[in-house]
Amino acid sequence: MIRIYTSKVKGAGTDANVSLNVIGVKGSSGWHQLRAKQDSFERGKEDAFTLQLPDLGMLTHLGVKSDGTGQGPAWHLDKVCIIPPAVPSALAAPAQGKTANSLQPGRRGSSGNTGLPGQPVWFVARRWLDVVHGLEVLLEVQAADPAKSLVQYQVEVHTSDVKNAGTDAQVFVQLFGEQGSGEAQELRSGKSSDNTFRRGGADTFNLQLPYLGPLSKLRVWLEGPGSPWHLTLIIVRGPEGTVTYFPCARWLGTTATAGDSSGQPVQGNAVLPLELLGTDVDPRRTQADYKVVTRTSDIVGGGTDAAVYIELIGSNGSTSGLQHLQPTGPHTFDQGRVDEFRIRCEALGDLAQLRIGHDGTGSHPAWHIQQVEVTDMSSSRTWYFEADCWLAASHGSIDRLLQASSTDPLADRQAYQVTVYTSKRPGAAKTAGASIFIILHGSHGLPVTSTNGSNTIANSSRQRSSEHSPEVLSSPRLELSGGGPDSFSEGGVGSFTLPAVRNLGQLRHITLELTALAEACSWHCQHVEVSNSTGERWLFPCNAWLAAGSSGSLKQLAAAAGQPQRVLQPAPNLDALWQQIKLETQQQQQERYKVAVYTSDNSSPTSDARVSVTLHGTSGEAGPFELSAQGCSCFQPGACDVFDVASPTKLGQLQRLKVVADSSRLRSAWHLDTISVTAESTGITTWFFADRSFDQGLAETVMLEGSEVDIRARMTRYKVSRLLAKRNG
């Protein structure tokens, strides 16, 4: 009789063909395929077969082989028992006389002398037969029934006291020791009303296993439908009174619940069990409670709905493992929120680093974290971990490694005031629908290191812009909004107060960015002024276009001293620079005009006439401008005299022209035909038709109406001279 025992581990059964080769001191039987039924070799099942063999003497080994066929060929074999028939060996059939080479399930037959008649011989496998581990194995005979040498292991399971920590799934464990591994065991209470694995509970189970020696590790996993499970600790008491502790403090989940609405993380599953290392030190004696406070930045889009986790790392390299920060409400991790959590883990001593990240799920996973604070509740000591960074795939990483500080960086926060000057030129105003963002870059700060999921403590060396340059620390990307409707209008001035950020030290440069959905959006910036709460000021000239959809959409402005890395001091150079900016602004606001005065050909000769004009437009007026030139005789009959005049502001479309002629110095009357005024910036000419005389000896004023009609075609040929004019006063 041969009995085959298939293990109880998940997927242990097989539908492949199985063959045996029995080996004794007198020879071997050769390979014999077992004629199995349809339900043979199922998980946890015992199958019996009979086999007629020659006299092999005392059995020493057993070969077991699978042909690896079928839909589920992998097989986990537990053990094999061969029971010789209870007849004298002299009645056994001789080896050369064997006629049967097959096994019939459930039938008893005679065999050769394989040992003591009726005494079972055992062969222990406890291994897989598949393409990965091998389809054939040679087993050595055991001295006694493995079941009779089983010892008791007491397994005590502690479920965490966190929200939704309990599970109703099937829990399996497998123990490993220096002398081998035990078979996978399901942890069952045996009670009709099973209340195991509940939040904060402790459950005890007794397992019968071979003696494994000192335990080294334990595997645990869930199977079947059920909720995820947060396991704190497993304690195993061996037959010799030894106690081994297996700390966990992690979530386990099943494939069926990995994506459910509970949002629980899945750190282990039914396919890949969670492996825990054993220790003889009770972690409960060295555990500590920590309060974790997260501060989400108060910037647009800074909140997240992803699943957030942290990992505390001590100065000696010890770690808390990944700790899921379970949301306390629907607004956890929202923009500007301060959220508090409690975690319990091994006491880590002085904290050196903190790893924080999220799983990238949810409708808005990107998260801008300002700072994390961790307090050891037993000592009331607090460590601060400054971040001021995005945790987002679009920003390079959803996981960061932060450095610990004993001082609160928020105490060194600065509020910055940004004043933006839009140029006074046509089309300079920001196009509707566009947004302006700013980043401040300072000269000192702490680094933030990106990780790729490793628990190794990152090198704390800081990235520098060059080998000899100081460290550059940047603020978050902040939108300039709320400054008023005219903040980015043509010639407008917008003032913005930024959210308090870490002290950036001396500002080195700023980054301005224009973003828009349409490519036609643009903005012309004149300059930007930045000041902090201590009264320091920095001026950043720009005088450039920012346009969406082009390389000009991102503009970096160096500190206003002519060199990109030089810091502008508030005084005295700043005052001189302000004067220069003011002069440049005034020059940009000016408009130059050409004034052409046409004297009728029937006018009397004049000398030293004093004529002035005042321009009136839709945006204001300018003048009076005296139309004269030293050493030149103006306003001769039939002549066109051209004068250049400069208005301090743009006047818009010209509408009227006031002409004042002081004829007290005229020797005869002066007859004015027409005056044309042309704006140099636009080339638009406005005509003012007069056709009137100014009598000798009088000071007369006339207001002429403007027209866009060119009436030069009606004029006779003139002698043209170009003269300069000066403004009265």
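Residues numbered from 1 in each chain as written. Predicted model: local features only at pLDDT ≥ 70, side-chain atom pairs only at ≥ 80, totals over all residues. Heavy atoms only, no water.

1. Thoughts on the overall build of the protein
Turning to step 1, where the next piece is worked out: From N to C terminus, the protein includes one helix and 49 strands.
Turning to step 2, where the next piece is worked out: A sequence separation of at least 24 residues applies to 76% of the contacts in the protein between residues at least 6 apart.
Turning to step 3, where the next piece is worked out: About 34800 Å² of surface is accessible on the protein, with carbon and sulfur atoms providing 48% of the total. (Helix = DSSP H or I, 4+ residues; strand = E, 2+ residues; numbered from the N terminus. Contact = heavy atoms within 4.5 Å. Areas by Shrake-Rupley, 256 points an atom, 1.4 Å probe, with all protein chains shown as cover.)

2. Digging into the pattern of salt bridges
Turning to step 1, where the next piece is worked out: A complete count under the given rule lists 23 salt bridges for this structure.
Turning to step 2, where the next piece is worked out: K45 is the salt-bridge partner of D47, the closest N and O atoms lying 2.6 Å from each other.
Turning to step 3, where the next piece is worked out: The partly exposed category is assigned to K45, whose relative accessible area is 28%.
Turning to step 4, where the next piece is worked out: A salt bridge links D289 to R344, with the nearest nitrogen and oxygen atoms 3.2 Å apart. Here D289 is found in strand β20 (residues 287–296), whereas its partner R344 is found in strand β23 (residues 338–346), with 55 residues between them in sequence.
Turning to step 5, where the next piece is worked out: Residue classification places R344 among the partly exposed residues on the basis of a relative accessible area of 41%.
Turning to step 6, where the next piece is worked out: Three or more residues joined by partner-sharing salt bridges are found here, namely K217, R219 and E275. (Salt bridge = Lys/Arg side-chain N within 4 Å of Asp/Glu carboxyl O. Buried < 20%, exposed > 50% of the residue type's maximum accessible area, 1.4 Å probe, protein only.)

3. Considerations on the environment of R344
Turning to step 1, where the next piece is worked out: Residues R344 and Q323 lie 21 residues apart in sequence; the distance between their C-alpha atoms is 9.2 Å.
Turning to step 2, where the next piece is worked out: At 3.0 Å, the side chain of R344 forms a polar contact with the side chain of Q287.
Turning to step 3, where the next piece is worked out: One polar contact links R344 to D289, side chain to side chain, over a distance of 3.2 Å. (Polar contact = N/O pair within 3.5 Å; in protein donor to acceptor, adjacent residues only side chain to side chain.)

4. Observations concerning the sheet that holds strand β34 (residues 493–497)
Turning to step 1, where the next piece is worked out: Here four strands make up an open sheet; going across it, the order is β34-β29-β37-β38 and the pairing antiparallel. Across the chains shown, the open sheet's two edge strands, defined by having one partner strand only, are β34 and β38 (537–547). Recorded for the sheet is a direction-independent mean angle of 20 degrees between the axes of neighbouring strands.
Turning to step 2, where the next piece is worked out: Here strand β29 (residues 416–422) runs beside strand β37 (residues 522–532); their pairing, made up of seven bridges, is antiparallel. For V420, the partnering residue across the bridge sits in β37 and is V528. (Pairing = 2+ DSSP bridges. Axes fitted to C-alpha atoms, helices over the stretch in contact; angles between N-to-C directions.)

5. Structural notes on the nonpolar core
Turning to step 1, where the next piece is worked out: Core analysis: the largest hydrophobic core is formed by 31 residues, its most contacted members being L440, L480, L512 and V528.
Turning to step 2, where the next piece is worked out: Secondary structure elements with two or more residues in this core: β29, β30 (435–442), β36 (509–515), β37 and β38.
Turning to step 3, where the next piece is worked out: Examining the composition of this core, we find that five residues originate from one element, β38, more than from any other.
Turning to step 4, where the next piece is worked out: Not counting residues up to four positions away in its chain, the partners in contact with L480 are V418, V420, I436, I438, F488, F496 and L498.
Turning to step 5, where the next piece is worked out: Counting 28 residues, the second-largest nonpolar core is a separate cluster that includes V597, C634, A661 and V702. (Core = buried A, V, L, I, M, F, W, Y, C linked by side-chain atoms within 4.5 Å.)

6. Some words on the side chain of D203
Turning to step 1, where the next piece is worked out: Within the fold, D203 resides in strand β15 (residues 202–210).
Turning to step 2, where the next piece is worked out: Using a relative accessible area of 12% as the deciding quantity, one classes D203 as buried.
Turning to step 3, where the next piece is worked out: Here F197 takes part through its backbone nitrogen, which lies 2.8 Å from a polar atom of the side chain of D203.
Turning to step 4, where the next piece is worked out: With sequence-adjacent residues up to four places away left out, D203 is seen in contact with V155, E156, V157, N195, T196 and F197.

7. Brief notes about the side chain of T614
Turning to step 1, where the next piece is worked out: Take T614: it is sitting in strand β41 (residues 610–617).
Turning to step 2, where the next piece is worked out: Taking relative accessible area as the criterion, T614 reaches 6% and is therefore assigned buried.
Turning to step 3, where the next piece is worked out: For T614, the residues in contact, after removing those within four places along its chain, are E621, A622, G623, P624, R656, L657 and K658.

8. Thoughts on the packing of aromatic side chains
Turning to step 1, where the next piece is worked out: Under the criterion given, the structure shown has 13 aromatic pairs.
Turning to step 2, where the next piece is worked out: Here F197 and W229 contribute two aromatic rings whose centre-to-centre distance is 5.3 Å and whose plane-to-plane angle is 65 degrees, an arrangement assigned as edge-to-face. With F197 in the loop between β14 (185–186) and β15 and W229 in strand β17 (residues 229–237), this residue pair connects regions lying 32 residues apart in the sequence.
Turning to step 3, where the next piece is worked out: In this structure an aromatic cluster arises from ring pairing among F41, F49 and W75.
Turning to step 4, where the next piece is worked out: Stacked on the ring of Y5, the Lys or Arg K79 has its end atom at 5.0 Å from the ring centre. (Phe/Tyr/Trp six-rings, centres within 6.5 Å; stacked < 30°, edge-to-face > 60°. Lys NZ or Arg CZ within 6 Å of the ring centre and 35° of its normal.)

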